[in-house]
Amino acid sequence: MCGIAVIVSGIRILLSSSLNINFISPLPFLEQQTLFSVDDIKAVLIRRGPDSLGCKKILLRSGVSSLCGGEQDVVAFVEDEDSGEGEACCMGGGGKEFTGELQFVGATLQLRGINPIVQPLTDVSGNILVYNGEIFGGIQMSSDSNDTEILMQHLGLCCSRVSSPHNKTHTSGERQSSVPELLSRIKGPWALIYWQCSSKTLWFGRDAFGRRSLLVHWPTKEDPQFLLSSVSTLASVNEKSEFADGGGITKIDFWEELPCGVYSLSIGASGTDEDLIGEVLKHDWTDPKLKELITWERTSIQPKHEDLLASRQKVYSTKEDSRLTPSVLMESKLASTDCLLTSLPHRVMNALQESIMRRTALNTIYQSATVDYTNKCNAPVAVLFSGGIDSMILAALLDKCMDAKYEIDLLNVSFDGSCAPDRISARAGLKELQKIAPSRRWKLVEIDAELLKLTSETKHVMSLINPASTYMDLNIGIALWLAASGDGLLQDETGNNDTSDRVKYKSAARILLVGSGADEQCAGYGRHRTKYRNGSWLSLNDEMKLDMQRIWKRNLGRDDRCIADNGKEARFPFLDEDVIRILLDIPLWEIADLDQPIGIGDKKILREVAYLLGLSEAAALPKRAIQFGSRIARESNRKNFGSNRAANQASAGSVTIYGNNS
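Since the structure is predicted, the reported quantities are computational estimates derived from the model, not experimental observations.

Caption draft 1: Looking closely at the overall build of the protein. Counting secondary structure elements, the protein contains 20 helices and 24 strands. Looking at the 662 residues of the protein, the share that counts as buried comes to 58%. Once local pairs closer than 6 in sequence are excluded, the contacts in the protein between residues at least 24 apart make up 74%. With an accessible surface of roughly 26,400 Å², the protein has 50% of that area assigned to carbon and sulfur atoms.

The structure is reproduced here in structure tokens:
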């Protein structure tokens, strides 16, 4: 997990009409009072990337370039802020003052590779990259490679074709990949900011599902800079600027989630004066398989009567022998006259196991100076753990992927001590995991909190969830932030629930597996059951599709920021591209059967996977969101609304913390 940012000033920004953003660019000013400084950005990014912090600056001005036959072009000068040294980048003559500026900031939490790196990365061509993500496919990587270094090499080979009237195109080679083509091929989560020197273009964006946070500030009269950052600064916590315009007062939010996609800011000379103009375009994904996942189209939605009968019969036969192993199931599948039905849970289980393997075991874990995983008493990977079906499946499959010498930390947060539902199910889940994997050392880390005592912590988390602003966002954010810290008490390994036997423990794991995406893809929310009852299978499918297409805005950016603030990286096995593909290929009635009771029909396919893994108790547990399972929602309702009843009457979950936004 890394923290990345860029500050663009002194350039008049134009937005393509296709972006659907109500925007009028103010006149740019290089020197102007702004809401916060680059040091404010560094302070929040270093929490995400504690291994290294770097800055680079590009100074820009209009000039005459020999590369363009003497036409007016943009001249760039790269300055290393840490060393104070600089070098020419695409110089084109002239001695005018620089009028534009791009400041790059990169904080690194290094998890892969064998050599330390410091972002921003630069190459001999003057290109600059800050990157927050992993490459799990689409670009070849060796087990000891670092994602950022490999991506930098491939980006350097990309052509510089950008359709923009304000940018001169310099293209070399017969058939080079474009930046959007390269990024469309990557499997895995990412957010990126890349300066392509030859085309004077700033590329930026985030993966198609938004698994890594990237916030944007479009220039305004109050702050004419164009900003991108992994997280908001403390100085702009839900910043609402009030200013007189005409006869009224207008309130505005400073940051917004950047919609998923690949964008370019092509910088050129205005042609009539010495001003610099930057045009923002959004580019289409080019990979056909990725486009299919984004549209999230399922072919088999409405079952016939015989389809449901066959599906339910299969579920009951599986539950009768919950000790079925994958090998036994495979043998029965080969002998079955209906191979499709018997193989579906197995296919999902295999896809999830491969997803976890890619995220935990296929690459060398970078040995930072502060964390040494050579000692077998340490756990390099932890699971955000409620004891529910999603986290139990992740833990059981992680056991199959990780070397037996490593421990696995199970991080559980509670705002009601041992009485919270998630604490009860976590302790039961620990015992079930110990039964199916007795040779593994499991550590249940119990993180207890009292909401009324978290005054400064709550304010800090408010800056992390920004631009999300509801009490539900805050409750989830606090729970995730505390859980990711891994700072709690270690449950007695014998299963004794006596709290006096617990000892202090802080998880050193830097990789945290999270079950995000399971409910959206497998109909785990209560509203899915409501949609099904009111409109049947088609309505259910539409609601699930909507959930997947807005998960970047409602969940993932917020969750990424809250977890990463602890110097930890959230990884989402259920949102692996191959897992999404497998689940979409399965008929909807095999994914969920909402005519069946809660704990049976919801997330049916995952309950069958749990039975295959020997997790029969977890397979029957109902869905509980973290804010309810940890009981932070109850405490928040009492604190902010007086009681649960009053909170329910006010629809507390959707109430914004700062009141209505205009």
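Moving on from the coordinates now.
Caption draft 2: Focus on the side chain of arginine 211. Structurally, arginine 211 can be placed in the loop between β10 (201-206) and β11 (215-217). Side-chain polar atoms of arginine 211 contact the backbone oxygen of glycine 188, separated by 2.9 Å. A polar contact is formed between the side chain of arginine 211 and the backbone oxygen of leucine 575, at a distance of 2.9 Å. Dropping the residues within four chain positions of it, arginine 211 is found in contact with Gly188, Pro189, Arg359, Leu556, Asp560, Phe572, Leu575, Asp576 and Glu577.

Caption draft 3: Focus on the sheet that holds β10. The seven strands lie next to each other as β2-β17-β16-β10-β9-β8-β7, forming an open sheet whose pairing is mixed. The open sheet is flanked by β2 (12-15) and β7 (121-122), the only strands paired with a single partner.

Caption draft 4: Summary view of the nonpolar core. Grouped together as the largest cluster of nonpolar side chains are 146 residues, with contacts concentrated most on Leu151, Leu410, Phe415 and Leu606. Setting aside residues up to four positions removed in sequence, leucine 606 forms contacts with Val348, Leu352, Ile389, Asp390, Ile393, Ala518, Cys522 and Phe574. Core analysis: the second largest hydrophobic core is formed by 33 residues, Val74, Trp195, Cys197 and Phe226 among them.

Caption draft 5: Fine view of the packing of aromatic side chains. If you walk through the whole model with that rule in mind, you get seven aromatic pairs. Measuring from centroid to centroid gives 5.4 Å for tyrosine 471 and phenylalanine 641, while their planes differ by 70 degrees, and the two rings are edge-to-face. Here the residue tyrosine 471 occupies a position in helix α11 (residues 471-485), and phenylalanine 641 occupies one in helix α19 (residues 632-641), the gap between them amounting to 170 residues. Judged by relative accessible area, which is 14%, tyrosine 471 ranks as buried. Feature note: the residues Phe204, Trp218, Phe226 and Tyr263 constitute an aromatic cluster, connected by ring pairs. A cation over an aromatic ring shows up here: arginine 527 above the ring of tyrosine 525, its NZ or CZ 4.4 Å from the ring centre.

Caption draft 6: Quick peek at the pairing of strand β9 (residues 190-196). When you tally the buried positions in β9, you get seven out of seven residues, the bulk of the element. Residues Trp190, Leu192, Tyr194 and Gln196 point to one face of β9 and Ala191, Ile193 and Trp195 to the other, with burial holding for every one of them. Counting the residues that bridge the hairpin from β9 to β10 gives four residues, and of these lysine 200 lies at a positive phi of roughly 50 degrees.

Caption draft 7: Just the sheet that holds strand β20 (residues 442-448), in detail. Reading across the sheet, the seven strands line up as β22-β21-β20-β19-β18-β23-β24 and stay open at both edges, with mixed pairing between neighbours. Taken across any chain shown, the strands that pair with only one partner, and hence form the sheet edges, are β22 (503-506) and β24 (569-571). The mean inter-strand angle of the sheet, taken between neighbouring strand axes irrespective of direction, is 35 degrees. Sitting on the sheet, α11 is in contact with β18 (381-384), β19 (408-414), β20, β21 (487-490), β22 and β23 (511-513), with an inclination near 145 degrees to β19.

Caption draft 8: Fine view of empty space enclosed by the protein. Taken as a whole and assessed by the stated rule, the structure comprises six cavities of 30 Å³ or more. Put simply, the largest cavity is a space of about 130 Å³. Residue lining of the largest cavity: 17 residues in total, with Cys2, Leu109, Gly133, Glu134 and Asp147 positioned closest to the centre. When contributions to the lining of the largest cavity are tallied by element, the ones reaching two or more residues are β8 (128-133), α2 (147-156) and β24. In the lining of the largest cavity, the residues fall into six nonpolar, six polar and five charged.

Caption draft 9: The side chain of threonine 470, seen in detail. Along the chain, threonine 470 turns up in the loop between α10 (455-465) and α11. In this structure the side chain of threonine 470 is engaged in a polar contact, spanning 2.9 Å, whose partner is the side chain of aspartate 473.

Caption draft 10: Local environment of the pattern of salt bridges. The final tally for this structure, using the stated rule, is 49 salt bridges. For glutamate 257, the salt bridge goes to arginine 206, with nearest N and O atoms at 3.1 Å. Linking glutamate 257 in strand β15 (residues 256-257) with arginine 206 in strand β10, this pair joins segments that are 51 residues apart in sequence. Across this residue pair, the class does not change: glutamate 257 and arginine 206 are buried. A salt bridge links aspartate 416 to arginine 634; the nearest nitrogen and oxygen atoms lie 3.3 Å apart. Within this pair, whereas aspartate 416 is found in the loop between β19 and α9 (421-436), its partner arginine 634 is found in helix α19, the two being separated by 218 residues in sequence.

Caption draft 11: Region of interest: unusual backbone geometry. Here glutamine 119 and proline 120 are connected by a cis peptide whose omega angle stands at 0 degrees. Its place among the elements puts proline 120 in the loop between β6 (100-108) and β7. Residue proline 467 is bonded to the preceding asparagine 466 through a cis peptide linkage, with omega at 20 degrees. For proline 467, the location among the structural elements is in the loop between α10 and α11. A positive phi angle is found at lysine 200, which is not glycine, with a value near 50 degrees. Tracing the chain through its elements places lysine 200 in the loop between β9 and β10. Located in the positive-phi region is arginine 631, a residue other than glycine, with phi close to 70 degrees. Take arginine 631: it is sitting in the loop between α18 (626-629) and α19. With a relative accessible area of 24%, arginine 631 lands in the partly exposed category.

Caption draft 12: Structural detail: the packing of α10 against helix α13 (residues 526-564). As a packed pair, α10 and α13 sit with axes 8 Å apart at the nearest point and diverge in direction by 135 degrees. Between α10 and α13, the angle is such that the two are oblique. In this structure, α10 crosses over α13, and the sense of that crossing is right-handed. Facing Val461, Leu464 and Ile465 of α10, the residues of α13 in contact are Arg558, Arg561 and Cys562. Classifying every residue of the contact of α10 with α13 gives four nonpolar, no polar and two charged.

Caption draft 13: Geometry of the environment of tryptophan 296. Within the secondary structure layout, tryptophan 296 lies in the loop between α4 (288-295) and α5 (305-320). Ignoring anything within four residues of it in the chain, the contact list for tryptophan 296 reads Gln521, Asn541, Met544, Lys545, Met548, Ile580 and Leu584.

Caption draft 14: Broad picture of helix α16 (residues 604-612). Counting buried positions along α16 gives nine out of nine residues, so the element sits mostly inside the fold. Residues of α16 that are buried include every one of Lys604, Ile605, Leu606, Arg607, Glu608, Val609, Ala610, Tyr611 and Leu612, and no others. Backbone geometry just after α16 places glycine 614 at a positive phi near 85 degrees.

Caption draft 15: Highlighting the packing of α10 against α11. One can describe the packing of α10 onto α11 by two numbers: an axis separation of 9 Å at closest approach and a directional angle of 110 degrees. Judged on the interaxial angle alone, α11 and α10 are roughly perpendicular. Along the contact surface, α10 presents Glu457, Thr458, His460, Val461, Met462, Leu464 and Ile465, while α11 presents Asp473, Leu474, Gly477, Ile478 and Trp481. When the residues that make up the contact of α10 with α11 are grouped by side-chain class, the tally is seven nonpolar, three polar and two charged.

Each value, and the rule that gives it
Residues numbered from 1 in each chain as written. Predicted model: local features only at pLDDT ≥ 70, side-chain atom pairs only at ≥ 80, totals over all residues. Heavy atoms only, no water. Helix = DSSP H or I, 4+ residues; strand = E, 2+ residues; numbered from the N terminus. Buried < 20%, exposed > 50% of the residue type's maximum accessible area, 1.4 Å probe, protein only. Contact = heavy atoms within 4.5 Å. Areas by Shrake-Rupley, 256 points an atom, 1.4 Å probe, with all protein chains shown as cover. Polar contact = N/O pair within 3.5 Å; in protein donor to acceptor, adjacent residues only side chain to side chain. Pairing = 2+ DSSP bridges. Core = buried A, V, L, I, M, F, W, Y, C linked by side-chain atoms within 4.5 Å. Phe/Tyr/Trp six-rings, centres within 6.5 Å; stacked < 30°, edge-to-face > 60°. Lys NZ or Arg CZ within 6 Å of the ring centre and 35° of its normal. Axes fitted to C-alpha atoms, helices over the stretch in contact; angles between N-to-C directions. 1 Å grid on protein atoms, 1.4 Å probe; cavity = no way out; pocket = protein on both sides within 12 Å on 5 of 7 lines; lining within 4 Å. Points joined across faces, edges and corners; volume = space filled by probe spheres on them. Nonpolar A, V, L, I, M, F, W, Y, C, P; charged D, E, K, R; others polar. Salt bridge = Lys/Arg side-chain N within 4 Å of Asp/Glu carboxyl O. Parallel < 35°, antiparallel > 145°, perpendicular 65-115°, else oblique. Left-handed = near helix turned anticlockwise from the far one by under 90°.

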